[in-house]
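Residue-level structural notes
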Amino acid sequence: MGKMIARRVLAIAWSLLLALSFPVAPLQSDQKAPKPKLPETYRKWLEEEVGYISTRTEREVFLSLRSDRERELFIEAFWKQRDPTPGTPENEAKTEHYRRITYANRYLGRGSSRPGWQTDRGRIYIILGEPQDTQRFEGKTWTYDTEVWFYQGKTDLGLPPAFNLVFFKEAGSGEPRLYSPIADGPQALLTGYYGGQDYAAAYEKLQDVEPTLAEVSLCLVPGEAGTVYGRPSLASDLLIQRVETAAARSVEVRYAQKFLSYKDIVEVEYTANYIDNDSLVKVFRDPSGPYFVHYAVQPRRLSFHQRGNAYLTNLKVIGRVSAADGRLVHQFDKTVALNLNEEQMDEANRVPFDFQDLFPLVGGDYSLSVLIKNEISKEFTSVEQGLRIPPAGPAVQMTQPLLGYKAVRLEPGARRMKAFRIGACQVLCQPDRTFARPETLAVAFQVHNLNLDLAAAAEIRLEFRKDGQPFRTIVRKPSEYPDLPDILEEIPLSDFPPAHYALRTSAWSGGAEIVSAEEEFDVTFAERLPRPWAYSRILPDAGDPAYPGILGIQLFNLGRYEEALALFERAFARLPESEDAAYSLARAYMALDRAPAAARTLVPFVQPGRKPRYETCVLASQALRRGGQPGQAIEVADRAIESYGVNAVLMNMLGECWADLGKITEALAAFKKSLELSPEQPEVRSRIDELKTRK
């Protein structure tokens, strides 16, 4: 009974695997098509309403959108990224922004031929809001009308703690213009001044008539050191440049890029709700042979729905691995249901959440895409990263080091297939590679293909650099690592000053470096860091027949049919009753033009009394026909029609089989029925014309 249950579980696993083996649309958008003309409503939004606070990336994405529906969703996403209190009904940032536009148009366009939002004062007001203090110098004999706006508390925009901005009427007429200490100088503020570009003389004159105005004429930042007497401050002009881009700099634009990439992939209710994340992707080789991709995704937030004392959320995880030529090599779809009680939810609110997983992958260069959708809150996040899986061969190989805040050595019975378990140790890690000084840094990596002679002469080095300068080097013989090829170093950080560090791991022999890898991390001043609670699946052990099946499908998708066949044969030998394993094996046989072998594999599954899948019936019919058994192929196709109904594919199959048997009338009837079902088949029309000549 136990063996029967085990086989059923394996068969189900294989079925799920096979269902995910067929290509789907890639996680990309076609960005090369010509950009459509922007309707007036959206031109106004882009140029007039958010022109001062949007980034170049946001504008480019918006201009590439093709429908009003997409534009409305993007506008929603635009404001969500700026909402200081997400989850509340009001978006205070949006409300304040439109209040500023209204104020600028009502009060700051007076005396101008332009609306207020287009004036210099209007632009600055929309970007920075109302100043803390305004000084006006109007109706003066010796100075043109001038305003000084004083701001403080804008450090979150990357601006000084306090600064001034000056507006003046150039030559005493027109609308107030933003003043530059270098481009204009104090002489531009004085009436009847004829001293040319002599800043010092103009400053002295202004000091005599308006000392307060003179102080800001050369330097906009109070108390700024380093200003030469009588010379304008370069830093003040740099401040003006930073003010102009402050609002755009304050937003993370990755959401806009994700919107464009995923708008055709995720449902419309998700597209405006991108959440940023940190991610970690590492590659390690299992002792059974294949490499596994270990990955972690840490979204910036995780939303739950409260139902009584329970907190619920459902995550949909969709992964795609593509080759350099765009071919889909591997894909997976997983659902994660989380159900927390109040105590667990309280803990979850204090620390980040990590989704961790792993999967095997054959050698090659790839692009990995992982999309995570929160089906409760309709939010999504995603990761895109390049991958390189080393090819099989004798060359010495080193994996990139994994940095963790703790390593736990497991008993042999507890060494399950789990993300970031490297050999005998489970490394606790998170995407943000930041560590506290009381912690011990765990450095885990692998060195493969060190033969005995090379290992005896080699050495392993770990070189740390602090802020670009050599800091510490650890050198050991390979024999000092009992779990080689798995290497684990545990390094107390108590004497690592807070700083940015680079780690280079390498293997040397005969004074020459053989192979190396690198990683970076930070040590913080904080005594403790919030470590994540992680959801991490435990996969079947390395000997499970699902793994040859997964790797076989990857090789098949890469066109490496002989290699795929060998793995499918291994899997089918372990699961001889699995229709899915048989189907994969038969596909490989057919790709290698071995139709009789494919037919022998599938015939047991399409016998009367069984109900095989539609795909199995079609492939079995094709294999039987190509193997010289059109009569049996007709029987299988007829049973498929009984179970799944008539369609063009099956009618075309019947047509070819009848033609092989020399029964042209029956063949023509089948092809004509196919055309009734699907008229756009020029090749079938040609086939009918050809068969008519044989009657």
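Basis of the calculations
Residues numbered from 1 in each chain as written. Predicted model: local features only at pLDDT ≥ 70, side-chain atom pairs only at ≥ 80, totals over all residues. Heavy atoms only, no water. Helix = DSSP H or I, 4+ residues; strand = E, 2+ residues; numbered from the N terminus. Rg over C-alpha atoms; globule rule 2.2 N^0.38 Å. Buried < 20%, exposed > 50% of the residue type's maximum accessible area, 1.4 Å probe, protein only. Contact = heavy atoms within 4.5 Å. Areas by Shrake-Rupley, 256 points an atom, 1.4 Å probe, with all protein chains shown as cover. Lys, Arg positive; Asp, Glu negative; His and termini not counted. Charge placed at Lys NZ, Arg CZ, Asp CG, Glu CD. 1 Å grid on protein atoms, 1.4 Å probe; cavity = no way out; pocket = protein on both sides within 12 Å on 5 of 7 lines; lining within 4 Å. Points joined across faces, edges and corners; volume = space filled by probe spheres on them. Pairing = 2+ DSSP bridges. Nonpolar A, V, L, I, M, F, W, Y, C, P; charged D, E, K, R; others polar. Core = buried A, V, L, I, M, F, W, Y, C linked by side-chain atoms within 4.5 Å. Expected span 1.5 Å × (residues − 1). pLDDT = per-residue confidence, 0-100. Salt bridge = Lys/Arg side-chain N within 4 Å of Asp/Glu carboxyl O. Axes fitted to C-alpha atoms, helices over the stretch in contact; angles between N-to-C directions. Parallel < 35°, antiparallel > 145°, perpendicular 65-115°, else oblique. Left-handed = near helix turned anticlockwise from the far one by under 90°. Phe/Tyr/Trp six-rings, centres within 6.5 Å; stacked < 30°, edge-to-face > 60°. Polar contact = N/O pair within 3.5 Å; in protein donor to acceptor, adjacent residues only side chain to side chain.

With that out of the way, let us pick up the overall build of the chain. Across its full length, the chain holds 23 helices and 27 strands. Computed over C-alpha atoms, the radius of gyration of the chain comes to 34 Å, more than 25% over the 26 Å expected from 2.2 N^0.38 for 695 residues, which places it beyond the range of a compact globule. For the C-alpha atoms alone, the extent of the chain along its principal axes is close to 110 × 70 × 55 Å. Across the 695 residues that make up the chain, the buried fraction comes to 49%. Relative to all contacts within the chain whose residues are 6 or more apart in sequence, the contacts with residues 24 or more apart total 64%. Split by element, the accessible area of the chain, about 33500 Å² in all, is 50% carbon and sulfur. Counting 86 positive and 92 negative side-chain charges, the chain places the averaged centre of each group 5 Å from the other.

All right, on to the layout of surface pockets then. Roughly 980 Å³ of volume is contained in the largest pocket. Considering the residues around the largest pocket, the lining is formed by 37 residues, among which Gln81, Arg82, Asp83, Pro84 and Ala93 are closest to the centre. Elements that contribute at least two residues to the lining of the largest pocket include exactly α4 (68-80), α5 (92-107) and α6 (120-128). Among the elements that take part in the lining of the largest pocket, α5 stands out by supplying five residues, more than any other.

The next subject is the sheet that holds strand β4 (residues 177-178). Here we have four strands laid out as an open sheet, ordered β1-β2-β3-β4, and antiparallel in their pairing. Of all the strands in the sheet, just β1 (133-137) and β4 have a single pairing partner and so form its edges. Sheet topology note: the strand β3 (residues 162-168)/β4 ladder contains two bridges and is antiparallel. The partner of phenylalanine 168 across the bridge, within β4, is arginine 177.

Our focus in this paragraph is empty space enclosed by the protein. Summed over all chains, the structure comprises two cavities of 30 Å³ or more. Taken together, 13 residues form the lining of the largest cavity, with Pro299, Arg301, Ile372, Asn374 and Thr381 sitting closest to its centre. Breaking the lining of the largest cavity down by element, the ones donating at least two residues are β11 (364-374) and β12 (379-389). Residues of the lining of the largest cavity, tallied by class, amount to seven nonpolar, three polar and three charged.

Quick look at the nonpolar core now. Core analysis: the biggest nonpolar cluster contains 76 residues, and Tyr295, Leu361 and Tyr366 have the highest contact counts within it. Non-local contacts of tyrosine 366, meaning those with residues more than four positions away in its chain, are made with Val321, Ser322, Ala323, Val329, Leu361, Gln385, Gly386, Leu387, Ile389 and Leu558. Grouped together as the second largest cluster of nonpolar side chains are 68 residues, Leu46, Ala77, Leu178 and Ala247 included.

With that settled, the discussion passes to helix α19 (residues 614-626). The end-to-end C-alpha distance of α19 is 19 Å, a good match for the 18 Å that 13 residues give at a rise of 1.5 Å each. Three or more residues of α19 are buried, namely Thr616, Cys617, Val618, Leu619, Ala620, Ser621, Ala623 and Leu624. The inward-facing, buried residues of α19 contact α17 (579-591), α18 (595-602), α20 (630-644) and α21 (648-660). One or two steps after α19, the chain reaches glycine 628, where phi turns positive at roughly 85°.

Looking now at the sheet that holds strand β17 (residues 421-422). Read across the open sheet, the three strands follow the order β15-β18-β17; overall the sheet is antiparallel. Of all strands in the sheet, those with a lone pairing partner are β15 (406-409) and β17, marking the two edges. Two strands pair when backbone bridges link them, and β17 and strand β18 (residues 425-428) are joined in this way by two bridges, in the antiparallel orientation. Note that in β18 the partner of arginine 421 across the bridge is glutamine 426.

With that settled, the discussion passes to the confidence of the model for the chain. Caution applies to low-pLDDT parts of the model: their predicted coordinates are not meant to be read in detail. Considering every residue of the chain, the mean pLDDT works out to 91; 94% of them sit at 70 or more. When pLDDT is averaged over each helix and strand of the chain, the minimum, 43, is found for helix α1 (residues 2-19) and the maximum, 98, for strand β14 (residues 402-404). Note on residues 1-32: pLDDT under 50 across the span, and 55 contacts to partners over four residues away in sequence or across chains.

We now examine the pattern of salt bridges. Any two side chains of opposite charge can pair if their charged atoms end up close together. All chains considered together, the criterion is met by 54 salt bridges. Measuring nitrogen to oxygen at the nearest pair gives 2.5 Å for the salt bridge that ties aspartate 346 to arginine 350. A salt bridge links arginine 625 to glutamate 656; the shortest N-O distance between them is 3.6 Å. Highlighted residues: arginine 625 in helix α19 and glutamate 656 in helix α21, separated in sequence by 31 residues. The partly exposed category is assigned to arginine 625, whose relative accessible area is 26%. One network of salt bridges, in which partners are shared, links Arg625, Glu656, Asp660, Arg687, Glu690 and Arg694.

Time to look at the packing of helix α3 (residues 56-64) against helix α11 (residues 254-262). Interaxial distance between α3 and α11 falls to 9 Å at its minimum, and their mutual angle equals 20°. By the angle between their axes, α3 is roughly parallel relative to α11. Crossing handedness for the pair α3 and α11: left-handed. Two secondary-structure elements touch here, α3 through Thr57, Glu58, Val61 and Ser64 and α11 through Tyr255, Ala256, Gln257 and Leu260. Grouping the amino acids of the contact of α3 with α11 by side-chain chemistry returns four nonpolar, three polar and one charged.

At a minimum axis distance of 7 Å, the contact between α21 and helix α22 (residues 664-677) shows a crossing angle of 165°. Here α21 is positioned roughly antiparallel relative to α22, judged by the angle of their axes. In this structure, α21 crosses over α22, and the sense of that crossing is left-handed. Taken together, the residues of α22 that come into contact with α21 (itself represented by Ala648, Met651, Asn652, Leu654, Gly655, Glu656, Trp658 and Ala659) are Glu666, Ala667, Ala670, Phe671, Lys673, Ser674 and Leu677. The residue inventory of the contact of α21 with α22, partitioned by class, reads nine nonpolar, three polar and three charged.

Moving on to the packing of aromatic side chains. What the rule picks out here adds up to 33 aromatic pairs. A ring pair is formed by phenylalanine 355 and tyrosine 535, whose centres lie 5.9 Å apart and whose planes are at 10°; its orientation type is stacked. Taken together, the positions of phenylalanine 355 in strand β10 (residues 353-361) and tyrosine 535 in strand β26 (residues 533-536) put the pair 180 residues apart, joining distant regions of the chain. Residue classification places phenylalanine 355 among the buried positions, given a relative accessible area of 1%.

Turning our eyes to something else, we now look at the side chain of serine 236. Note on placement: serine 236 falls in helix α9 (residues 234-244). The residues touching serine 236, leaving out its near neighbours within four places in the chain, are Pro181, Leu218, Cys219, Leu220, Val221 and Glu224.

On to the environment of glutamate 513. For glutamate 513, the position within the fold is in strand β25 (residues 512-524). Overall, glutamate 513 belongs to the partly exposed group, its relative accessible area being 33%. Along the sequence, glutamate 513 and arginine 461 sit 52 residues apart, while their C-alpha atoms lie 9.8 Å from each other. Sequence-distant contacts of glutamate 513, defined by excluding residues within four places in its chain, comprise Arg504, Ser506, Ala507 and Trp508. Of note is the side chain of glutamate 513, whose polar atom sits 2.7 Å from the side chain of arginine 504.

This part is about the environment of glutamine 118. As for its placement among the helices and strands, glutamine 118 is situated in the loop between α5 and α6. Sequence separation between glutamine 118 and alanine 104 is 14 residues, and the spatial gap between their C-alpha atoms is 8.7 Å.

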